Amino acid sequence: MKGTVLVTGGAGYIGSHACVELIEAGYSVVIVDNLNNSKHESVNRVTEITGKPIDFYPYDAREKQDLTEVFQHHSIDAVIHFAGLKAVGESAKIPAYYYDNNLNSTLILLEVMKEQNVNKLVFSSSATVYGEPSTVPISEDFPLSATNAYGRTKLFIEEILRDMANADKLNQVDSPLKIALLRYFNPVGAHKSGRIGEDPNGIPNNLMPYISQVAVGKLDKLSIFGNDYPTRDGTGVRDYIHVVDLAKGHVKAVDYLLHMDESKSECHAYNLGTGHGVSVLEMVNTFMQVTGQTIEYRFAERRPGDVAECYANPTKANNILKWHAEKNLEDMMRDTWRWQKNNPKGYED
Ligand code: NAD
Ligand code: WQD
């Protein structure tokens, strides 16, 4: 066994895939998730895939006593903090809820980690912290900004984490914080078993689940937001990354933090993307080609806040974490469709 990782938000889309990859890499995992955007069934399915039992706590990461109890029951070597709210549109309507949940869960977690002498943390950040990038591909040293409340929670948490790691350095603490801020681009796809995948509540905001729900007959038609962007076919370009590749990036980040010099404090950001931009029309056409399904679509107005192009320069993660994305667009489509087709109602089936 390589060690024990506490995974907050481990019942969610990315967290459940990360748990599978961590277990398969030899870690044991403990999950804390209040199930506010997920189902316990995802944890059962991770157990089914890996054949390993998982310690699951249905706790809110903002509850200090509950979190402390988890650290006292398990010898935690590192934490991956996925727990958070992530809907951009919702964050504009109820920003206080987003700030409370995302910031306070992180602050409480940091407090408990300090008290329990755990100092390795991987944080789920997002390409959204680049705001409206002036050029692509985007490197980690690009200026940071945010265009919505959700994005600001990620930006503020990144700043908090940098301050905390710096403070440990200034105070010359014995085991200072070691933090990896993983900035995800656009996670899509599902585990190849078709047993875990993305299960959004209500009508999906994101492109990939929208396409797959049109294919399965839950939704009528895709609206493509804008066909007049200065891109190769006029539709928006993004860096779609297979969720299993993303999950493996977390294993690499944990490996890296666990092997660092214990006396060193660090807080670095890493882009997790493929480095390739794909347009909305290319996504739709590849999905149709790979799955044989027809996706009805129409062109609609641009969605406010969308940028024309956003894709990563992932060189830093390649070089330092020894990670790179391995799966291609066809894998993303095939795996999304297997999950959607086998679980048309998500985890309710
Ligand atoms: P998700 O909603 O599927 O998973 C988040 C999980 O956190 C859910 O299971 C939810 O129940 C749990 N949670 C939320 N608040 C909690 C709290 N206070 N205490 C305990 N559990 C709590 O989302 P995801 O797509 O798996 O995203 C995981 C993380 O990655 C999030 O922080 C998100 O902001 C970030 N991220 C996601 C994307 C994306 O496109 N999916 C992109 C960039 C960053
Ligand atoms: C992708 C492309 C849309 C839906 C969002 C968050 C970001 C991050 C990832 C968490 C764009 C187009 C979409 C539809 C469409 N999340 N589209 N019709 O906007 O790049 O990123 O998820 O951190 O913060 O903003 O992803 O999947 O919503 O959109 O035409 O019904 O698909 O305009 O060009 P986005 P997305």
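Look up: the structure comes first, before these words.
Keep in mind that what you see is a predicted model, and the values were worked out from it rather than measured.

Student: Even after reading the chapter, I still don't get the packing of aromatic side chains, so can you show me in this structure?
Tutor: Aromatic rings considered in pairs are described by the distance between their centres and by the relative angle of their planes. Within the structure shown, the criterion is met by 7 aromatic pairs. Measuring from centroid to centroid gives 5.5 Å for Tyr 57 and Tyr 59, while their planes differ by 45 degrees, and the two rings are tilted. When its relative accessible area of 13% is taken as the criterion, Tyr 57 is described as buried. For Tyr 59, a relative accessible area of 18% gives the class buried. Its guanidinium or amino end placed over the ring of Tyr 270, Lys 316 lies 4.9 Å from that ring's centre, counting from NZ or CZ.

Student: Got a minute to help me understand the sheet that holds strand β6 (residues 178-184) in this structure?
Tutor: Sheet strands pair via backbone hydrogen bonds, and the direction of the pair is either parallel or antiparallel. One open sheet holds the 7 strands; their spatial order is β3-β2-β1-β4-β5-β6-β11, and the pairing between them is parallel. Only two strands of the sheet have a single neighbouring strand rather than two, namely β3 (55-57) and β11 (266-272). Across the sheet, the mean angle from the axis of one strand to that of its neighbour is 20 degrees, orientation sign disregarded. With 4 bridges joining them, strand β1 (residues 3-8) and strand β4 (residues 78-81) adopt parallel strand pairing. What sits directly across from Val 7, in β4, is Ile 80.

Student: Help me out: how do you make sense of the site of ligand 2 in this one?
Tutor: Not every one of the 19 residues close to ligand 2 is listed here, only the nearest: Ser 126, Tyr 150, Ser 223, Arg 238 and Asp 306. Between an oxygen atom of ligand 2 and a side-chain N or O atom of Tyr 150, the distance comes to 2.6 Å. Measuring from an oxygen atom of ligand 2, one finds a backbone N or O atom of Leu 207 at 2.8 Å. Protein burial of ligand 2: of its 700 Å² of free accessible surface, 87% is covered by the chains. Breaking the shell around ligand 2 down by element, the ones donating at least two residues are α7 (207-215) and β8 (222-225). Ranked by residue count, the leading element in the shell around ligand 2 is β8, at 4 residues. Each residue belonging to the shell around ligand 2 can be placed in one class, and the counts come to 9 nonpolar, 7 polar and 3 charged.

Student: For this particular structure, what's the right way to read the pairing of β4?
Tutor: Side-chain direction in a regular strand flips from residue to residue, so the side chains alternate between the two faces of the sheet. Alternating positions in β4 separate into two faces, Ala 78 and Ile 80 on one and Val 79 and His 81 on the other, with burial throughout. The sheet contact formed by β4 and strand β5 (residues 120-126) spans 3 bridges and is parallel. In the sheet register, Val 79 faces β5, and the bridge partner there is Leu 121.

Student: Hey, could you run me through the site of ligand 1 in this one?
Tutor: The local shell around ligand 1 holds 27 residues, among which Asp 33, Asn 37, Ser 38, Lys 86 and Tyr 150 are the closest. Contact distances for ligand 1 include 2.6 Å between an oxygen atom and a side-chain N or O atom of Ser 38. One of the side-chain N or O atoms of Tyr 150 is found 2.7 Å from an oxygen atom in ligand 1. Among the secondary structure elements, those contributing two or more residues to the shell around ligand 1 are α1 (13-24), β5 and α6 (149-170). Among the elements that line the shell around ligand 1, the one with the most residues is β5, at 3 residues. Class assignment for the residues of the shell around ligand 1 results in 11 nonpolar, 11 polar and 5 charged.

Student: What is the right way to read helix α2 (residues 41-50) from this model?
Tutor: Turn by turn, an α-helix covers 3.6 residues, leaving residues three or four places apart pointing in a common direction. The set of residues buried in α2 consists of Ser 42, Val 43, Arg 45, Val 46 and Thr 50. Seen along its axis, α2 keeps its buried residues to an arc of 160 degrees; they face one direction. The inward-facing, buried residues of α2 contact α1, β2 (27-32), β3 and α11 (329-342).

Student: I'm lost on the nonpolar core in this one. Help?
Tutor: Within soluble globular proteins, side chains that are nonpolar generally end up buried alongside one another. Counting residues in hydrophobic clusters, the biggest one holds 43 residues, and the most contacted among them are Leu 22, Val 122 and Leu 182. Ranked by the residues each element gives to this core, the list is headed by helix α8 (residues 243-258), at 8 residues. Aside from chain neighbours lying at most four places away, what touches Leu 22 is Val 5, Val 7, Tyr 27, Val 29, Ile 80 and Val 251. Val 70, Leu 109, Val 118 and Leu 177 belong to the second-largest nonpolar core, a separate cluster that totals 27 residues.

What counts as what
- Residues numbered from 1 in each chain as written.
- Chains lettered and ligands numbered in written order.
- Predicted model: local features only at pLDDT ≥ 70, side-chain atom pairs only at ≥ 80, totals over all residues.
- Heavy atoms only, no water.
- Phe/Tyr/Trp six-rings, centres within 6.5 Å; stacked < 30°, edge-to-face > 60°.
- Buried < 20%, exposed > 50% of the residue type's maximum accessible area, 1.4 Å probe, protein only.
- Lys NZ or Arg CZ within 6 Å of the ring centre and 35° of its normal.
- Pairing = 2+ DSSP bridges.
- Helix = DSSP H or I, 4+ residues; strand = E, 2+ residues; numbered from the N terminus.
- Axes fitted to C-alpha atoms, helices over the stretch in contact; angles between N-to-C directions.
- Near = heavy atom within 4 Å.
- Polar contact = N/O pair within 3.5 Å; in protein donor to acceptor, adjacent residues only side chain to side chain.
- Areas by Shrake-Rupley, 256 points an atom, 1.4 Å probe, with all protein chains shown as cover.
- Nonpolar A, V, L, I, M, F, W, Y, C, P; charged D, E, K, R; others polar.
- Arc of directions from axis to C-beta.
- Contact = heavy atoms within 4.5 Å.
- Core = buried A, V, L, I, M, F, W, Y, C linked by side-chain atoms within 4.5 Å.

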